[in-house]
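Spelled out from the first residue to the last, the chains are:
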Amino acid sequence: MILNHPLQTIEEATPEWLTHVLQEQGYLDEGAVLNVQTKTEKSSNADTARLTLIYSKEAIGRMPANLFLKLCSVNAEQFGSSEISYYTTIAAQIQDPPIPHCYHSAYATTTGHYHLLLEDLTDTHTPNWKVKPTWENAAKTIDAMAKLHASWWNHPQLGTIGKLPDEVAIEDYISHPAQGLMPMLEDVGKTLPQPWLELIHRIFDRHGYKLKERARNSDRLTCIHGDPNPGNILSPIALDGKTFLIDRQLFDWSLSIWLGVSDIAYMMVHWWDTESRRQSEQPLLQHYYQKLEQFGIHSYSFTELWDDYRFCAMQSLYVVAAWCIDAAEQSKYKWVWLPQLKKTITACIDLNCMELL
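Residues numbered from 1 in each chain as written. Predicted model: local features only at pLDDT ≥ 70, side-chain atom pairs only at ≥ 80, totals over all residues. Heavy atoms only, no water.

## What to know about the overall build of the protein
Per the secondary structure count, the protein includes twelve helices and twelve strands. Taken against the 2.2 N^0.38 rule, which gives 21 Å for 357 residues, the C-alpha radius of gyration of the protein at 21 Å falls within 12% of a compact globule. Taking the principal axes of the C-alpha coordinates as reference, the protein spans close to 70 × 45 × 35 Å. Within the protein, counting contacts between residues at least 6 apart in sequence, those at least 24 apart form 73% of the total. Surface summary for the protein: the accessible area is close to 16,400 Å², and the carbon and sulfur share equals 52%. Here the protein carries 29 positive and 43 negative side-chain charges, and the mean point of each set is 5 Å from the other. (Helix = DSSP H or I, 4+ residues; strand = E, 2+ residues; numbered from the N terminus. Rg over C-alpha atoms; globule rule 2.2 N^0.38 Å. Contact = heavy atoms within 4.5 Å. Areas by Shrake-Rupley, 256 points an atom, 1.4 Å probe, with all protein chains shown as cover. Lys, Arg positive; Asp, Glu negative; His and termini not counted. Charge placed at Lys NZ, Arg CZ, Asp CG, Glu CD.)

Quick look at the structure:
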């Protein structure tokens, strides 16, 4: 049985296939998977299923009762192998990682198709889509981010897990969302205050140069998640549980190695309501700073961290503009990007981000 090829359908995760996978990976010493019960779901970029495994009576080993299977074939070419790397190479560098355990993966370089067979957290964790930010939940998310970032902080192998932010990578990151700037302004520009329009143009005119300058002179690059939206943050149901960061599907123009605090800025500026951000950003950044120190990062002052946060807050404008490149997507998801635009500009004003440009 060939195990290094990605599955094409959920139905291919048969008892025989699961038996071979668990045996090969050292989880099933004796016996076999006799049956598998499948509960499927579908998203815009993947097919997923929760698998409940039934083993033979003589089965021995570290046998998971449930697994989570993810198949990415639609639009897979735009993500590359970033998610495979996240659950395997990146997680392997972290002690007790805030990343679900991966039991098996396969990636096809010719098509970009892949699958991931992951630890199932359905019964113990919940995504944050309908969870209003609280200190307890947010602090645990910050803990997870700090552990990810500290484990890869200035790591000599950073270049093996993603694109280093050189001139070309930064230019790709800037130029792609810039295509959506004029469509966005043609749509909503007349409804925005003139100072906001000036701020938007100023960021697109100057921030890219500062990004390149920052990348050239940075001594604190790390592996970032890149998309910590509420659905990619799994908070524990139990008070003593930890938070997991999932679904690291980065576009080929995304930054995968950057300032760690950019994940926090993306989470709070881009997704939180403004009042929650205003109340929590300073205390949570202090908490993040303390966690980095606990994990051994000492050559980073809080002043530097605060300025990095302000600098990264402006990056949310790129994400907003990227929604507007495709006209159909711009219209369909206006309910997503327009509030994010307003929250981003409000944050840039609150934080006096223009001072950094």
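Picking up after the structure, the text goes on.
## Considering the packing of aromatic side chains
The full count for this structure, using the stated rule, is twelve aromatic pairs. Measuring from centroid to centroid gives 5.7 Å for Phe 251 and Trp 253, while their planes differ by 0°, and the two rings are stacked. Owing to a relative accessible area of 35%, Phe 251 belongs among the partly exposed residues under this scheme. Taking relative accessible area as the criterion, Trp 253 reaches 12% and is therefore assigned buried. With a centroid separation of 5.1 Å and 40° between ring planes, the pair formed by Trp 323 and Tyr 333 is classed as tilted. With Trp 323 in the loop between α10 (316–322) and α11 (327–332) and Tyr 333 in the loop between α11 and α12 (334–350), the pair connects residues that are ten residues apart, well separated along the chain. The class of Trp 323 is partly exposed, set by a relative accessible area of 22%. On the basis of relative accessibility, which here comes to 24%, the residue Tyr 333 falls in the partly exposed class. Within the aromatic cluster, the residues linked to one another by ring pairs are Tyr 173, Phe 204, Phe 251, Trp 253 and Tyr 318. (Phe/Tyr/Trp six-rings, centres within 6.5 Å; stacked < 30°, edge-to-face > 60°. Buried < 20%, exposed > 50% of the residue type's maximum accessible area, 1.4 Å probe, protein only.)

## Let's talk about the packing of helix α4 (residues 167–178) against helix α6 (residues 194–217)
At their nearest, the axes of α4 and α6 sit 9 Å apart, and the two run at 160° to each other. Considering the angle they form, α4 stands roughly antiparallel to α6. Considering the relative orientation of α4 and α6, their crossing is right-handed. Contacts between α4 and α6 involve Glu 167, Ile 170, Glu 171, Tyr 173, Ile 174 and Ala 178 from the first element and Phe 204, Gly 208, Leu 211, Lys 212, Ala 215 and Arg 216 from the second. (Axes fitted to C-alpha atoms, helices over the stretch in contact; angles between N-to-C directions. Parallel < 35°, antiparallel > 145°, perpendicular 65-115°, else oblique. Left-handed = near helix turned anticlockwise from the far one by under 90°.)

## Comments concerning the side chain of Ser 316
Inspection of the secondary structure assignment puts Ser 316 in helix α10. Among the residues examined, Ser 316 registers a relative accessible area of 2% and is labelled buried. Beyond its immediate stretch of four places on either side in the chain, Ser 316 contacts Ala 265, Tyr 266, Val 269, His 270 and Thr 344.

## Some remarks on the environment of Gln 286
In this fold, Gln 286 is placed in helix α8 (residues 274–294). On the accessibility criterion, Gln 286 (32% relative accessible area) is partly exposed.

## Considerations on the environment of Leu 356
In this structure, Leu 356 sits in the segment after α12. Taking C-alpha positions, Leu 356 is 9.6 Å from Asp 308, a pair spaced 48 residues apart along the chain. When residues no more than four places from it in sequence are discounted, the contact partners of Leu 356 are Lys 210, Asp 307, Arg 310, Phe 311 and Met 314.

## Describing the pairing of strand β7 (residues 114–119)
Extensive coverage of β7 is indicated by the burial of five of its six residues. Note: strand β5 (residues 66–72) against β7, six bridges, orientation antiparallel. From the neighbouring strand, Phe 68 faces β7, where its bridge partner is Leu 118. As defined by bridge partners, strand β6 (residues 102–107) adjoins β7 across five bridges and the pair is classed as antiparallel. Along β7, the bridge assignment pairs His 104 with Leu 117. Adjacent in sequence and paired antiparallel, β6 and β7 are bridged by six residues, among which Gly 112 carries a positive phi angle near 85°. (Pairing = 2+ DSSP bridges.)

## A word on the sheet that holds strand β11 (residues 244–245)
Here we have three strands laid out as an open sheet, ordered β8-β10-β11, and antiparallel in their pairing. The sheet is open, and its two edges are formed by β8 (125–127) and β11, each paired on a single side.

## Thoughts on the nonpolar core
Counting 91 residues, the largest nonpolar core has Met 184, Ile 200, Trp 258, Val 261, Tyr 309 and Leu 341 as its most contacted members. Among the elements that take part in this core, α6 stands out by supplying eight residues, more than any other. If we skip the residues at most four places from it in the chain, Val 261 touches Leu 285, Tyr 288, Tyr 300, Leu 305, Asp 308, Tyr 309 and Cys 312. Core analysis: the second largest hydrophobic core is formed by 21 residues, Ile 10, Leu 18, Leu 53 and Tyr 103 among them. (Core = buried A, V, L, I, M, F, W, Y, C linked by side-chain atoms within 4.5 Å.)

## So, the sheet that holds β6
Reading across the sheet, the five strands line up as β2-β3-β5-β7-β6 and stay open at both edges, with antiparallel pairing between neighbours. The sheet is open, and its two borders are formed by β2 (33–42) and β6, each paired with just one other strand. Across the sheet, the mean angle from the axis of one strand to that of its neighbour is 20°, orientation sign disregarded. When β2 meets strand β3 (residues 47–55), the two strands line up antiparallel, connected through nine bridges.

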